[in-house]
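These are the residues of each chain, in order.
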Amino acid sequence: MKLIIDDAHIDLIKHIYEFYPVDGITTNPSILAKVGKSPYDVLTEIRSFIGEKAELHVQVIAKDAKGMIEDAHCIVEKLGKATYVKIPSVPEGFKAMKALTKEGILVTATAIYTPMQGFLAAKCGASYSAPYVNRIDNMGYNGVQVAKSLHDIFKSNGLKTEVLAASFKNSQQILELCQYGIGAATVAPDVIEGLVKNQAITSAVDDFVKDFEGLVGKGKTMSNLQ
Ligand code: G3P
C-alpha cells in the first residue's frame, strides 16, 4: 500500500518526507484553501520539492466535462505528466475521465461514497479511485468496507484501477486497509504521525537508552564508547 500525504502545506510536507516513507501528495480545493496562497504557486513549490516523477494529485474545479478537461490540461501543463488529475465521480466527471484517459492523462476519480461510483470511474480508465472513508463512516455507513468492496470489484473484473482511500481520522481505518492490500492511502500529516504516537513505544525506547547509560555513562552511544 502506498502512503500519500493529504496536505499542501510545504513545511508539513517536508517534515513528513524527512521522517516517513511516503509516496507522493494529494490535494483538493479545500486543502489548497487552508494554505491560503495562490494555488499554482503552492502546487509548483510542492512539485519542485517532490521531483518531477513523484505522484502529485490535483483536483479540477469546473463542474461540466468541457471545463474539467480544460482544467486538466492546464494542471498537467503547469505541473507535469506525473500529475494525477482528480475528477469528481459524477456524470460530467465520467464524461471528462473518458476523454482524458484516452489522451493518456492520469486520472484519480474522487468524491467516492459508493462502490458503483468507483466501478464506473474504473471503466472510464481512472488510475485510482478515491473513497472517503471517514466521511462515509460519519454518514453511518462503513467507509473501510466501501474501500474493500472497491478493491474486490477491481480485482474480480480485471480492472487495473487501484483504490486510493482518503479521509482518515484514525490508525485503525488505515491498518484494516493496509492488511487488505489496497493500492494506496492518502493521509493527513497529523494522522500519519498518529500511527506511531504511542506512550508504550516511546517508553520502550527511553528505557533502552536509560539502561545503556546506566551501564556506561550518560550521553554514551555505540559510536562514542571508549
Ligand atoms: O480529498 C479527499 C480527502 O482529503 C477528504 O478528507 O478529511 O476532508 O474528509 P477529509
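This text follows the structure it describes.
Counting starts from 1 at the beginning of each chain's written sequence and moves along it residue by residue. Totals for whole chains, interfaces and linings use every residue, but because this is a predicted model, local features are given only for residues with pLDDT of at least 70 and side-chain atom pairs only at 80 or more, for both listing and counting. Note: side-chain values were computed over all heavy atoms of the structure, leaving out hydrogens and water.

### Some points on the site of the ligand
Thought 1: Any residue with at least one heavy atom within 4 Å of a molecule or strand is counted as near it. With respect to spatial proximity, the complete set of residues near the ligand consists of Asp6, Asn28, Lys86, Tyr132, Arg135, Ala166, Ser167 and Lys169.
Thought 2: Within the side chain of Asp6, a nitrogen or oxygen atom sits 2.5 Å from an oxygen atom of the ligand.
Thought 3: With respect to the ligand, the side chain of Arg135 contributes an N or O atom lying 2.7 Å from an oxygen atom.
Thought 4: Shrake-Rupley sampling with a 1.4 Å probe provides the accessible areas, and residues are treated as covered by the protein chains on show and by no other component. Protein burial of the ligand: of its 300 Å² of free accessible surface, 83% is covered by the chains.
Thought 5: When atom positions are compared with the pocket grids, the ligand is found to occupy the largest pocket.
Thought 6: Charged means Asp, Glu, Lys or Arg here, nonpolar means Ala, Val, Leu, Ile, Met, Phe, Trp, Tyr, Cys or Pro, and polar covers whatever is left, Gly included. Of the residues assigned to the shell around the ligand, the class counts are two nonpolar, two polar and four charged. Here a polar contact means two N or O atoms within 3.5 Å. Within protein one must be a hydrogen donor candidate and the other an acceptor candidate, and residues neighboring in sequence count only if both atoms are side-chain atoms. Grid points spaced at 1 Å and placed over the protein atoms alone form the basis of the search, with a cavity being a set where a 1.4 Å probe fits but cannot get out and a pocket an open set showing protein on both sides within 12 Å along at least five of seven lines. Lining residues have an atom within 4 Å of a point. Occupancy of a cavity or pocket is assigned to a molecule whenever over half of its atoms lie within 2 Å of that pocket's grid points.

### A word on the layout of surface pockets
Thought 1: Grid points are joined across faces, edges and corners, and a volume is the space filled by probe spheres set on the points. There is about 400 Å³ of room inside the largest pocket.
Thought 2: Around the largest pocket, the lining comprises 24 residues; the ones closest to its centre are Asp6, Asn28, Ile31, Lys34 and Arg135.
Thought 3: We count a stretch as a helix when DSSP gives it H or I for four or more residues in a row; a strand needs E for two or more, and each element gets its number in order from the N terminus. Elements with a minimum of two residues in the lining of the largest pocket: helix H2 (29-35), helix H7 (133-138) and strand S8 (184-187).
Thought 4: When its residues are assigned to classes, the lining of the largest pocket shows nine nonpolar, nine polar and six charged.
Thought 5: As a volume, the second largest pocket reaches approximately 180 Å³.

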